[in-house]
Amino acid sequence: MNIKEKERVLVFTACYNEKQNIKKLILEIKNNLPNCDILIIDDNSPDQTQDVVKTLQNKISNLKLVVREKKLGLDTAHKLAYEYAIKNKIDFLITMDADLSHDPRELKNFVTYLRQYPFVIGSRYTDGGKCLMKGSRLFMSKLGNLVIKFFSRIKSNEFTTSYRGFNIRKLNGFHLKNVNEKGYSFFMGTLFEIKKNKFPIKEIPITFLDREKGESKIPKFEIIRTLISLFKYVLKGI
């Protein structure tokens, strides 16, 4: 599957201290979607992730880098990427993690389904999906998504992964800036905003790989913050 002529695809990831992973990720994205644009937003990583990206820019013309002065949060990075996609007349925006937990080989499936649907989410917990995390992380991920599904009544098995796609042209009236949640709760909040705007959610199976290099950035309090945000939505009747 190739990107069709005049079809603009932007693959975005936010990163903080991903020097060990970012080069491999970028090269694999280009290998699977050669004609796509890539946007990296780096929150001034102390490990100098940005230097790796800058070196790759000498060889990859459509690799864009935004370096912010400090750690400003995942939610603001994704909102900035969405605004960038609108301003640059992108057709499909695909977001993913920078730690290689999301397999770039699955990008082609996102493009295929984005031609039909306004919003596509890569799901570990739908038929054919897999999550290779272990122990308490796997348990809390499964439990969290089940709890969100039960209380939200949203027709999705996946709420917390960032591997998702947006058909900018079909999402009339939708913008990530309207999602008020912070941090990782933002990903759940996005699905509530999709529901609020009455757009269908298309789940496609993905295999979620466990991080091999670097450290997870998810603070333990994010679970509590996500649950608080969930019940706020429920009380509002969204």
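Our subject is the structure that appears above.
Residues numbered from 1 in each chain as written. Predicted model: local features only at pLDDT ≥ 70, side-chain atom pairs only at ≥ 80, totals over all residues. Heavy atoms only, no water.

Details of the pairing of strand β7 (residues 164-167)
Note on strand geometry: in a regular strand, side chains alternate between the two faces of the sheet.
1) Next: Because side chains alternate across β7, one face comprises the buried residues Arg164 and Phe166, and the other comprises Gly165 and Asn167, equally buried.
2) Next: One ladder, built from four bridges, connects strand β4 (residues 92-95) with β7; its direction is antiparallel. Looking at the pairing, Thr95 lines up with Arg164 of β7.
3) Next: Direction of pairing for strand β5 (residues 119-123) relative to β7: antiparallel, over a ladder of three bridges. Bridged to Val120 within β7 is Gly165. (Buried < 20%, exposed > 50% of the residue type's maximum accessible area, 1.4 Å probe, protein only. Helix = DSSP H or I, 4+ residues; strand = E, 2+ residues; numbered from the N terminus. Pairing = 2+ DSSP bridges.)

Some details on helix α1 (residues 22-32)
1) Next: The set of residues buried in α1 consists of Ile22, Leu25, Ile26, Ile29, Lys30 and Asn32.
2) Next: Summarising the contacts, the buried residues of α1 are in contact with β1 (9-15), β2 (37-42), α2 (49-57), β3 (63-67) and α4 (107-114). (Contact = heavy atoms within 4.5 Å.)

A few points about the packing of α1 against α2
When two helices pack together, their arrangement is given by the angle between the helix axes and the distance between those axes.
1) Next: Axis separation between α1 and α2 bottoms out at 9 Å; the angle between their running directions is 35 degrees. Crossing of α1 against α2: the hand is right-handed. Taking contact as the criterion, the partners of Ile22, Lys23, Ile26 and Leu27 in α1 are, on α2, Thr49, Val52, Val53 and Leu56.
2) Next: The class makeup of the residues in the contact of α1 with α2 is six nonpolar, one polar and one charged. (Axes fitted to C-alpha atoms, helices over the stretch in contact; angles between N-to-C directions. Left-handed = near helix turned anticlockwise from the far one by under 90°. Nonpolar A, V, L, I, M, F, W, Y, C, P; charged D, E, K, R; others polar.)

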